[in-house]
2 protein chains.
Amino acid sequence: MAEQKTAIIDGNEAAAKIAHLCSDVLCIYPITPSSNMGEWADEWSSKGQTNLWGTIPEVVEMQSEAGAAGAVHGALQAGAMTTTFTASQGLLLKIPNMYKIAGELTPSVIHVSARSLAAQALSIFGDHSDVMSARQTGYAFLSSSSVQEAMDMALISYASTLEGRVPVLHFFDGFRTSHEVSKITDVSEEIVREMIDEDLIREHRNRAMNPEKPVLRGTAQNPDVYFQGRETVNKYYEAMPAIVQKAMDKFAKLTGRQYKIFEYFGAEDAEKVIIIMGSGADTTHETVEQLIASGEKVGVLKCRLFRPFDEKALLNALPKTVKKIAVLDRCKEPGSAGEPLYKDVVTAIAQDALAGEKIFTAMPVVVGGRYGLSSKEYTPAMIKGIYDELGKDQPKNDFTVGIIDDLTNTNIDYDKSYNTGVHKDTVQALFYGLGSDGTVGANKNSIKIIGEGTDQYAQGYFVYDSKKSGAGTVSHLRFGPKPMRSPYLIEDGSANFIGCHMPVFLEKIDMISKAAKDSVFLLNTQEPIDKVWDTFPKHMQEQIIEKNISVYVIDAFKVAEHTGMGNRINTIMQTCFFAISNVLPKDEAIAAIKKAVEKTYSKKGEDIVELNFKAIDETLDQLHKLDIPAAASDSFTLKDPVPANAPDFVKDVLGEIIAGRGDELPVSKMPCDGTFPTATTQYEKRNIALEIPVWEKDICIQCGKCTFVCPHAC
Amino acid sequence: MAEQKTAIIDGNEAAAKIAHLCSDVLCIYPITPSSNMGEWADEWSSKGQTNLWGTIPEVVEMQSEAGAAGAVHGALQAGAMTTTFTASQGLLLKIPNMYKIAGELTPSVIHVSARSLAAQALSIFGDHSDVMSARQTGYAFLSSSSVQEAMDMALISYASTLEGRVPVLHFFDGFRTSHEVSKITDVSEEIVREMIDEDLIREHRNRAMNPEKPVLRGTAQNPDVYFQGRETVNKYYEAMPAIVQKAMDKFAKLTGRQYKIFEYFGAEDAEKVIIIMGSGADTTHETVEQLIASGEKVGVLKCRLFRPFDEKALLNALPKTVKKIAVLDRCKEPGSAGEPLYKDVVTAIAQDALAGEKIFTAMPVVVGGRYGLSSKEYTPAMIKGIYDELGKDQPKNDFTVGIIDDLTNTNIDYDKSYNTGVHKDTVQALFYGLGSDGTVGANKNSIKIIGEGTDQYAQGYFVYDSKKSGAGTVSHLRFGPKPMRSPYLIEDGSANFIGCHMPVFLEKIDMISKAAKDSVFLLNTQEPIDKVWDTFPKHMQEQIIEKNISVYVIDAFKVAEHTGMGNRINTIMQTCFFAISNVLPKDEAIAAIKKAVEKTYSKKGEDIVELNFKAIDETLDQLHKLDIPAAASDSFTLKDPVPANAPDFVKDVLGEIIAGRGDELPVSKMPCDGTFPTATTQYEKRNIALEIPVWEKDICIQCGKCTFVCPHAC
């Protein structure tokens, strides 16, 4: 096995890298959260980066995803290795061509960063609804659980589709995997070359439509022969699982990373098993690791190859001791008595129960549950809750986890305070910033600095709200000695570092309950140091004292203004983080920040780089540690998110969403048909502006451009 | 219950009639086999026909099915009762809007004449692939098995969606039901009015978007609340099955026709049950009726409400004695371990096996099978074969029926000669014509004449090949004393009447093996009567003698030419049919044909009507009975469909398709990826022209219009 390098990238880039290497043509159309894959491919091709065969892949942006799928079909028929990327509604538009591409047994891969579909409301976030809506097309479905897998499975997809001729839809969780930045082991071009069989490439090209040896495709078939035609493909689908497993085995030889189409982890004598795919499989793995350490007989079966669904492989991968199974689907099909993966598993288990030679002497109980719709968190605490539910005599079927369903009582209960304790050697850092203020970018730099400069593993996940620019962002960073299987947010009471980049968050967001004992809190504020304590709400003061939190204060706005950075405070706050978090020796860290600044900003000009250097140096002088009083003062409480005179719906529902407590809203509070009252934005005072424009009547020339200054046109 | 009238219509017209009555807006886009529904609606509106509320429904044709679905969504949000019609790929384009319409709990109905999807090849024919591709959208799915049900369920759909707010996809089998002409009991406007609750209409209209009372819909929801929002609809889906059943019960009170969401027919102590939806349910019903008469413990469970899938209703509808179940799906999902309805049933049965209080003490064996893809025949013989298979110790799972799968051995065997004998009092008549020669139209007239003029029930089904104009058509007509549950073609050895409208069929098609004993064969030929016998192939001569078949001969072309009808022989052949088939007294029949001619052609001018009258009168003089010799002559055998020098694939595959034996082609003969050789039409000599154009070199002015005369541009 050759030496392998690491890379610090997100899931989209990981998949796109393999796709670009293995394609002649990439047909793209942007849709969140898959857009970056197409953007990367486009950028690489525009820079002349070549594929495995030394040519620059052609990247074609079409008029819609439907057009992209049509172009894929066409390019494949011309013998090109062809790829597309998509998500959500975009995938729906590709379904008609997917039937054709699969029906014609054409090797190809679609990479999907799986996303919710618009139903009662649109959502840009992640779940498997889109992928599941295409499960009947005849594609193979390969699921990745992490950024590492997004790269590894991408390659396994190409290797498998070339041999098996069944096209592959490779998917991973939108945002959670597509946008998580992680330190992974890179897959080198040499490994890709080893995995892609040139003979199979030649076979694919030889099947192309070609005037030199014309063939007819796209015929019309009638009742006499269509059915027979449809059954001709059976052997390809029967063979595909073994082909995928073979590619996984070959990949393991080259990289040391061994995957299975159904991969079990847990106690050998497990009685309770969760079956799941996507990033939730990683969280379940991590939780199982902790639970079996304390003697629990539990396990997790990761479904990687969802189609063709190999019932035998599933049954054989389960421990023979299993008595209760929970199958978790990250989607909802209203009106179906159970979600897709659940039904697949029940069918396999029932067939075994009805078979002559059984694998399980007693039929295990199988229940199905929904979790994580639209990137709803799926945490170790919930997983513990599911195993506890399985411990009951009659575990709930068709359950939900992670919400309170006070209408149809689908949700199971769980102990929210449960924590695997796996992060005791991990630095967990939280940063509260504003969209477009540079916080996220600086944090991505920090991950690179630590990931590249040390042996530490690093993970970054960035929570945006969909108001985008100017709305809140929360960066969740983890640094630790082991690879992370933690595709979930930093839990309450466990952040070692919290950075608050805007003082207004103090009175709006309960940041401090995220803090661990002896952690560090960094605040950017314009208040003089002796007034700062009184800007903290009472609850926060109490927590700081109780948890022995060190508080550091900087007026980053002043430093930014003074050093000519305008209102860009990201580099300043990043410097503070390195100065006080001790994740790296201070001097080393400062040098690394400067190097990163140079890399990021040099294309914007030497002076921008200089300004940043100056800001970094000044920052350290302006950073002060706050003396913590022995007791909380008679301070204020968190502000109500909306005024007291707001209508009930605004107070009860929208206000809770604004306050960041939307997760706690029970089902009954949400409109059943997506109908909301209008004119409710008037109650949301975001209060994030440092300067407020004032209309000066005397000098107004009625140019009308005030609407640009104040988008609310007040 | 008011007196009910009968109607002689096809499934498309039946559904469209209800749709037009219950809609303010119909958004249409044509796709076979659903186009006629939109055409009917368009025609009725253009004639000023009004809906229940006295207004003329607006019929809007959009640029595609995607546009039609968008327009439906928009019109619904404006409070209009809105409908669309579609099939196959058209339905795929509607999926994105279907998620929205269902997500917003908007009452509405889509009528689908279910059709295959294009995969290895396109097919315009019927199966459930399209419908199944939309099963995850959140629509309710209501299935009709016959023309009568297409009308009845259409109305039940509207009544249910208004009360339950879950939109309904109402479907029936493309061609088999959509294009079958049948004598049914009409649903009067009064009954429709009884079924449609005006209060619910008002509620629907009140939910419309309206500037007077503005609401917000189509929001973006984030991870905090989207999941809860998605679970708000549970109670609507839980309530829907009971609401549909209530509508069925109300409908039964008004019409006497009682339906159930899961409807069982068969032995009370049945041990073997088939579960099925669509027209196949009717064939199974008919077969079960015969099998239980001979003491077999069999039954059929018709799935009418496929979504929301009510597992309890399913379990309760099954006889408690059932030991073996075959679930039949009219679709194929490659890579899925079993088709959708099969998985639904297995899941229900498995849940019962795992429940505390069981319905079945021993878990019944459940196997799944595919049948009837792309309008492949599904016959009583196959059904008998399935029950026989269920009788085995280990019945085959994931089977196919109706084809020979020599690649993966999925097919079960059955005795093709099995026949329920249910048609002993039925006149079964077959007519072999050419597309556009008027045969089908005349046969539809015949059905009306018999259906309206007598107490007989009538059924007509028309087999076209997709070459359309100029290709063969076979009309399958049945007339009998009881309503027909026979959505399958007339079986071998059971036609009482066979009309051959083109002499060229004699040497190409084995028509006579369809003939029953003592049946009548009518031939249109230009041969003199004393030469006719020798134009019959030897096998045909033998069969005529053996089965004691009466043969009548007419030179319809001569009559047509002589009476100024050109080459339109349809009325002449129809006259012959009535003259010799004895389905009606001759004089009565002739008067009825004339009346029908008047109705059909009067808009084309009085002279056309007169020409037809003349042809009818002359026909009877020119119709001669053939004297049958005692023994067959040393005649020829059926011609090979392609020349002996054709390539093997043309001889083995295309030739068999041309010869009408495509049904017998085993799976191994079909290309697995839809790839065919080119330039094969040269081997098909259709030989259907009565006159052949000759190029006269001397008078050619090189206008180039010869391509119009000879489309092959010879």
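Please read all numbers here as calculations on a predicted model, not as lab measurements.

Asks: In this structure, what is going on with helix α8 (residues 198-206) of chain B? I would like to understand it.
Replies: Think of an α-helix as turning once every 3.6 residues; residues three or four places apart then point the same way. All names here are of chain B. What α8 keeps buried is the set Leu200, Ile201 and His204. Down the axis of α8, the sector holding all buried residues measures 105 degrees, keeping them to one side. In this structure, the buried side of α8 is in contact with α3 (65-77) and α6 (147-164).

Asks: It is not clear to me how the sheet that holds strand β4 (residues 82-86) of chain A should be interpreted in this structure. Could you clarify?
Replies: In sheet architecture, strand pairing relies on hydrogen bonds along the backbone and comes in two forms, parallel and antiparallel. Residue and element names in this part refer to chain A. With respect to topology, seven strands assemble into an open sheet ordered β3-β2-β4-β5-β7-β6-β13, the strand pairing being mixed. Looking at which strands have only one partner, the edges of the open sheet turn out to be β3 (58-61) and β13 (305-307). Going across the sheet, the axis of each strand differs from the next one's by a mean of 20 degrees, ignoring polarity. As defined by bridge partners, β4 adjoins strand β5 (residues 109-114) across four bridges and the pair is classed as parallel. Bridge assignment links threonine 84 to a residue of β5, and that residue is isoleucine 110. Here helix α6 (residues 147-164) sits on the sheet and contacts β4, β5, β6 (140-143) and β7 (168-173); the angle it forms with β7, its principal contact strand, is near 170 degrees.

Asks: What is the right way to read the packing of helix α4 (residues 88-103) of chain A against helix α4 (residues 88-103) of chain B from this model?
Replies: The description of two packed helices rests on the angle between their axes and on the distance between the axes. Between α4 of chain A and α4 of chain B, the least distance of the axes is 10 Å, while the angle of their chain directions is 165 degrees. Classified by the interaxial angle, the pair formed by α4 of chain A and α4 of chain B is roughly antiparallel. In this structure, α4 of chain A meets α4 of chain B at a crossing whose hand is right-handed. Here Gln89, Leu92, Leu93, Ile95, Pro96 and Tyr99 of chain A of α4 of chain A lie close against α4 of chain B, whose contacting residues are Gln89, Leu92, Leu93, Ile95, Pro96 and Tyr99 of chain B. Its residues assigned to classes, the contact of α4 of chain A with α4 of chain B comprises ten nonpolar, two polar and no charged.

Asks: What exactly am I supposed to notice about the interface of chain A and chain B here?
Replies: Accessible area lost upon the coming together of the parts is a frequently used measure of interface size. Each partner contributes residues to the interface: chain A has 109 residues there, and chain B has 109 residues. With both chains or domains summed, chain A and chain B bury close to 9,500 Å², and 59% of this area falls on carbon and sulfur atoms. Contact with chain B buries area across many residues of chain A, yet Gln120, Tyr226 and Phe227 of chain A alone supply 8% of it, more than any other trio. Where chain A touches chain B, the interface holds eight salt bridges. Here glutamate 231 of chain B ties to arginine 370 of chain A by a salt bridge, and the two come within 2.7 Å at their closest N and O atoms.

Asks: Would you mind showing me how to read the pairing of β7 of chain A here?
Replies: Where a strand is regular, its side chains alternate between the two sheet faces. Residue and element names in this part refer to chain A. The buried count for β7 comes to six of six residues, which makes it a mostly enclosed element. Bridge analysis of β5 against β7 gives six bridges, and the strand direction is parallel. Each bridged residue has a counterpart across the sheet, and for alanine 114 the counterpart in β7 is aspartate 173. Two elements, β6 and β7, share four bridges in a ladder whose sense is parallel. By the bridge assignment for β7, serine 143 is matched with phenylalanine 171. The β-α-β motif built from β6, the intervening α6 and the parallel element β7 has right-handed crossover chirality.

How each quantity is defined
- Residues numbered from 1 in each chain as written.
- Chains lettered and ligands numbered in written order.
- Predicted model: local features only at pLDDT ≥ 70, side-chain atom pairs only at ≥ 80, totals over all residues.
- Heavy atoms only, no water.
- Buried < 20%, exposed > 50% of the residue type's maximum accessible area, 1.4 Å probe, protein only.
- Helix = DSSP H or I, 4+ residues; strand = E, 2+ residues; numbered from the N terminus.
- Arc of directions from axis to C-beta.
- Contact = heavy atoms within 4.5 Å.
- Pairing = 2+ DSSP bridges.
- Axes fitted to C-alpha atoms, helices over the stretch in contact; angles between N-to-C directions.
- Parallel < 35°, antiparallel > 145°, perpendicular 65-115°, else oblique.
- Left-handed = near helix turned anticlockwise from the far one by under 90°.
- Nonpolar A, V, L, I, M, F, W, Y, C, P; charged D, E, K, R; others polar.
- Buried area = accessible area lost by both parts, 1.4 Å probe.
- Salt bridge = Lys/Arg side-chain N within 4 Å of Asp/Glu carboxyl O.
- Right-handed = clockwise from strand over helix to strand, strands pointing away.

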